[in-house]
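The chain contents come next:
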Amino acid sequence: RFWHKLLFDLGYLSTSEPFQTLFNQGMILGEDGVKMSKSRGNVINPDDVIEKFGADSMRLFEMFMGPLEATKPWSTEGLAGMNRFLNRVWRLVVDEFSDELKSNISDAPPPLEIMKLLHRTIKMITEDIEDGDMKFNTSIAQMMIFVNELYKEKILYKSVLKDFVLLLSPFAPHIAEELWQRLGGEDTLAYHPWPIYKEELTKADKITIVFSVNGKVRGKKEMYSNSTDKDLQQAALNDENIIKHIQGKQIIKIIVVKNKMVNIVIK
């Protein structure tokens with residue numbers, strides 16, 4: 001950056017910065033909650049971390065610690081958690097006893113629900129990467145949700161797994177490359193196109209949410225199945241019939257049953 005700015009000042013370059021965007025990363029604290037420094041003896045040697053957990057686990061953990069610009073404490077427990085996640089990803093594809101591709105992986109076209117889950121994941125991770133805020137931690141959280149859902153399935157689909165491995169590759173390139181080869185990917189995945197999502201497959205399904213006051217049904221509304229508890233609460237409080245029954249009353253608490261109902265307790 002110094003040499004770029006010097007050449008710009010001398011008139012040899014047309015831009016003042018060598019990068020399109022300058023992003024300042026937040027400070028990483030030691031596990032004792034203070035700034036890492038040799039004098040405090042709380043510095044983490046990355047060579048030791050890589051030897052124990054692998055480079056992919058370290059990369060993944062650093063991106064999962066929180067927003068990139070925030071100050072974050074180092075956590076060996078969190079690092080081990082990332083290592084466990086990558087082991088789960090590996091076991092999703094590779095049989096732990098035979099070290100071969102798992103027998104429940106099919107070449108057949110995936111069902112609609114799996115495609116919806118995949119395309120929602122592709123969209124979220126694509127947008128997180130392209131966003132200037134670089135929300136890598138939310139991308140990793142979505143990958144964890146995706147893997148958890150796949151573990152519930154009796155049959156896995158090779159095309160879905162290959163797309164997922166491509167999504168994983170910027171975050172954990174070594175294990176992604178290994179899995180890509182196991183799944184029959186051609187050449188290195190670095191030259192394979194990024195997965196493209198279909199907008200119509202990213203839309204969440206709608207369900208009927210029941211609104212009640214002190215256990216008595218007072219309203220209903222069609223809402224998306226991925227609506228947050230806050231969204232459901234607000235929808236109930238905005239319902240005209242609910243307003244009539246709670247007006248002038250004291251709200252004690254609001255109970256949300258995910259994808260089913262919102263019960264407002266009043267007195």
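Structure: see above.
Just so you know, these numbers come straight off a predicted model, no measurement behind them. (Residues numbered from 1 in each chain as written. Predicted model: local features only at pLDDT ≥ 70, side-chain atom pairs only at ≥ 80, totals over all residues. Heavy atoms only, no water.)

J.: Run through the overall build of the protein chain, naming residues and quoting values.
T.: Of the regular secondary structure elements, the protein chain holds 11 helices and eight strands. A globule of 267 residues ought to have a C-alpha radius of gyration of about 18 Å, yet the protein chain, at 24 Å, is considerably larger. Overall, the protein chain is about 70 × 50 × 45 Å in size when its C-alpha atoms are taken along their principal axes. In the protein chain, buried positions account for 34% of the 267 residues. Partitioning the contacts of the protein chain with sequence separation of at least 6, the portion at a separation of at least 24 is 56%. A total of about 16400 Å² of accessible surface is found on the protein chain, and carbon and sulfur atoms cover 52% of it. Averaged over its 35 positive side-chain charges, the protein chain has a centre that lies 11 Å from the centre of its 37 negative ones. (Helix = DSSP H or I, 4+ residues; strand = E, 2+ residues; numbered from the N terminus. Rg over C-alpha atoms; globule rule 2.2 N^0.38 Å. Buried < 20%, exposed > 50% of the residue type's maximum accessible area, 1.4 Å probe, protein only. Contact = heavy atoms within 4.5 Å. Areas by Shrake-Rupley, 256 points an atom, 1.4 Å probe, with all protein chains shown as cover. Lys, Arg positive; Asp, Glu negative; His and termini not counted. Charge placed at Lys NZ, Arg CZ, Asp CG, Glu CD.)

J.: Help me get a handle on the packing of helix α4 (residues 76-93) against helix α6 (residues 136-150), residues and values and all.
T.: Viewed as axis vectors pointing N to C, α4 and α6 meet at an angle of 40°, and their least axial separation amounts to 11 Å. Considering the angle they form, α4 stands oblique to α6. For the pair α4 and α6, the sense of crossing is left-handed. Residues M82, F85, R88, V89 and L92 of α4 pack against I140, M143, M144, V147, N148 and L150 of α6. (Axes fitted to C-alpha atoms, helices over the stretch in contact; angles between N-to-C directions. Parallel < 35°, antiparallel > 145°, perpendicular 65-115°, else oblique. Left-handed = near helix turned anticlockwise from the far one by under 90°.)

J.: Requested: an account of the pattern of salt bridges, with residues and values cited.
T.: In a structure, side chains of opposite charge can pair up when their charged atoms sit close to one another. Under the definition given, this model contains seven salt bridges. Linking D99 and R182 is a salt bridge whose minimum nitrogen-to-oxygen distance equals 3.4 Å. One end of the pair, D99, is in the loop between α4 and β3 (105-106); the other, R182, is in helix α8 (residues 173-182), with 83 residues separating them in the sequence. For K152, the salt bridge is made with E149, and the minimal N-O distance between the two is 3.0 Å. For E149, a relative accessible area of 29% puts it in the partly exposed group. Here the salt bridges do not stand alone but share partners, grouping R1, K5 and E17 into one network. (Salt bridge = Lys/Arg side-chain N within 4 Å of Asp/Glu carboxyl O.)

J.: So what's going on with the pairing of strand β6 (residues 216-224)? Residues and values would help.
T.: For strand β5 (residues 206-213) and β6, the ladder comprises eight bridges, and the chain directions are antiparallel. Note that in β6 the partner of V213 across the bridge is K216. (Pairing = 2+ DSSP bridges.)

J.: Describe the sheet that holds strand β7 (residues 251-257), with residues and values.
T.: Spatial strand order, β6-β5-β8-β7: four strands in an open sheet with mixed pairing. Two strands lie at the open edges of the sheet, namely β6 and β7, each paired on one side alone. Taking each pair of neighbouring strands and ignoring which way they run, the sheet shows an average axis angle of 15°. Together, β5, β6, β7 and β8 (261-266) form the strand contacts of helix α10 (residues 229-238), whose direction differs from that of β7 by roughly 125°.

J.: Residue-level account of the nonpolar core, with values.
T.: Taken as a class, soluble globular proteins show a tendency for nonpolar side chains to be buried jointly. Formed by 48 residues in total, the largest nonpolar core has its most connected members in W74, V93, M143, L161 and F171. Mapped onto this core, the elements with two or more residues apiece are α2 (46-53), α3 (55-64), α4, α5 (112-130), α6, β4 (156-157), α7 (158-168) and α8. Of the residues forming this core, the biggest block, eight residues, is contributed by α4. Dropping the residues within four chain positions of it, W74 is found in contact with I28, L29, G30, E31, M36, I44, V49, M58, F61, E62, M65 and L79. Formed by 12 residues, the second largest nonpolar core is a distinct cluster that contains I209, A235, A236 and I242. (Core = buried A, V, L, I, M, F, W, Y, C linked by side-chain atoms within 4.5 Å.)

J.: So what's going on with the packing of α5 against α7? Which residues, and what values?
T.: Two elements in contact, α5 and α7, have axes separated by 11 Å at closest approach and are oriented at 15°. What the angle tells us is that α5 and α7 run roughly parallel. Classified by chirality, the crossing of α7 by α5 is left-handed. When α5 is examined against α7, the residues I114, L118, T121, I122 and I125 are found in contact with a partner set consisting of V160, D163 and L167. Here the residues of the contact of α5 with α7 are counted per class, giving six nonpolar, one polar and one charged. (Nonpolar A, V, L, I, M, F, W, Y, C, P; charged D, E, K, R; others polar.)

J.: Break down a nonpolar patch on the surface for me, with residues and values.
T.: Side chains of L7, F8, L10, Y12 and L13 sit close together on the surface and give an oily, nonpolar patch of about 490 Å² of accessible area. Turning to its location among the elements, L7 is positioned in helix α1 (residues 2-9). For L7, a relative accessible area of 34% corresponds to the partly exposed category. (Patch = residues over 30% accessible without salt bridge, like charges linked within 9 Å, V, L, I, M, F, W, Y side chains within 5 Å.)

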